[in-house]
Amino acid sequence: MDPSELIRQKLVEPSILSADYSRLGEQVKLVTDAGARAIHVDVMDGHFVPPITIGPVIVEAIRDQVHEAGAILECHLMIERPERQIDKFADAGADSITIQLESTPNVHYVLMKIRDRGCLAGLAINPGTPPEAVSELVEAADLVLCMTVNPGWGGQEFIERSPEKVRQLRKVIGPGVPIQVDGGISVETAPAVKREGASLFVAGSHIFRAPDPASAYRELAEVVG
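Report follows, based on the coordinates. (Residues numbered from 1 in each chain as written. Predicted model: local features only at pLDDT ≥ 70, side-chain atom pairs only at ≥ 80, totals over all residues. Heavy atoms only, no water.)

### Here's the deal with the overall build of the protein chain
Short version of the rule: Counting from the N terminus, the helices are the DSSP runs of H or I reaching at least four residues and the strands are the DSSP runs of E reaching at least two. Using a 1.4 Å probe on the protein chains alone, a residue whose accessible area is under 20% of its type maximum counts as buried, one over 50% counts as exposed, and one in between counts as partly exposed. Whether two residues are in contact is decided by their heavy atoms, any of which lying within 4.5 Å being enough.
A count of helical and extended segments in the protein chain gives nine helices and eight strands. Its C-alpha atoms put the protein chain at 40 × 35 × 35 Å along the principal axes. Burial analysis of the protein chain (225 residues in total) assigns 55% to the buried set. A separation of at least 24 residues holds for 64% of the contacts in the protein chain among residues at least 6 apart in sequence.

### Re the packing of helix α2 (residues 24-33) against helix α9 (residues 213-224)
Definition in use: The convention used is that axes are lines fitted to C-alpha atoms, helices contributing only their stretch in contact, and that angles between N-to-C directions extend from 0 to 180 degrees. Left-handed describes a crossing in which the near helix is turned anticlockwise from the far one by less than a right angle; the clockwise case is right-handed. Throughout, the ten residues Ala, Val, Leu, Ile, Met, Phe, Trp, Tyr, Cys and Pro are labelled nonpolar, Asp, Glu, Lys and Arg are labelled charged, and all others, Gly among them, are labelled polar.
Relative orientation of the contacting elements α2 and α9 amounts to 35 degrees, with a least axis distance of 8 Å. Crossing of α2 over α9 shows right-handed handedness. On α9, the residues that touch Gln27, Leu30 and Val31 of α2 are Pro213, Ala214 and Tyr217. In terms of residue class, the contact of α2 with α9 is built from five nonpolar, one polar and no charged.

### Brief notes about unusual backbone geometry
Backbone geometry places Arg81, a non-glycine residue, at a positive phi of 50 degrees. Inspection of the secondary structure assignment puts Arg81 in the loop between β3 (72-78) and α4 (86-92).

### Brief notes about helix α5 (residues 107-116)
Stated precisely, the cut-off is as follows: The arc in question is the one traced by the directions running from the helix axis out to the C-beta atoms.
Taken as a whole, α5 has its buried residues at Val107, Val110, Leu111, Lys113 and Ile114. Buried residues along α5 cover an arc of 160 degrees about the axis, so they all sit on one side. For α5, the secondary structure elements touched by its buried residues are α4, β4 (96-100) and β5 (120-125). One or two steps after α5, the chain reaches Gly118, where phi turns positive at roughly 85 degrees.

### Re the sheet that holds strand β7 (residues 179-182)
Condition: Pairing between strands requires that DSSP locate at least two bridges from one strand to the other.
Spatial strand order, β1-β8-β7-β6-β5-β4-β3-β2: eight strands in an open sheet with parallel pairing. Each having just a single partner strand, β1 (11-14) and β2 (38-44) make up the two edges of the open sheet. Strand-to-strand twist in this sheet, taken as the mean axis angle between neighbours without regard to direction, amounts to 25 degrees. By the bridge criterion, four bridges tie strand β6 (residues 143-147) to β7 in an arrangement that is parallel. Each bridged residue has a counterpart across the sheet, and for Val144 the counterpart in β7 is Ile179. Against the sheet, α5 makes contact with β4 and β5, and its axis sits at roughly 150 degrees relative to β5, the strand it touches most.

On their own, these measurements won't tell you what the molecule is for.
This is how it looks when you write it as structure tokens:
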């Protein structure tokens, strides 16, 4: 399916940030076999956020497996000056690239560069960034990501005010752009942000740290479907 059509569905998107990297291919297969149609890759550089995670090499390593399963690869760049890295992630096989609004003074330029490379362009905002900050960038974004934890660490607790922020964000961007949520998403927290307009649900710990990741994926997909 075309990525731009796929992201207009309600999707649970497993984040490999919480996966077992010694069995990464196996874990990706578990969730795609269970029905996942988007795999989320959290990229951190040790500057924009303190941790360092993974880069284009991992994206390239799982690209064929993900695409052969009929799924897309989403790369969320929590890095400083992402304009310097767009080509590398596009070349590695990303279907969608999301940048943080706070990470560069050239946000519109970077979003357009992502689209020029044939990828969907996502725009993420931190919990401390007001929804109004995206108002001048809506036309350049294919999705808007509302962080529901502070970026940089897996396993954080969902910020309780997040549903209200999603509601405000929907007012700012209108009905046409999908809202993605990421951070502390589970069967307990997802319904509240779904009610306010979120349709793309990134989940890492809830899925990959469960005894049975496939069952955890299916349970969450049923809740948001």
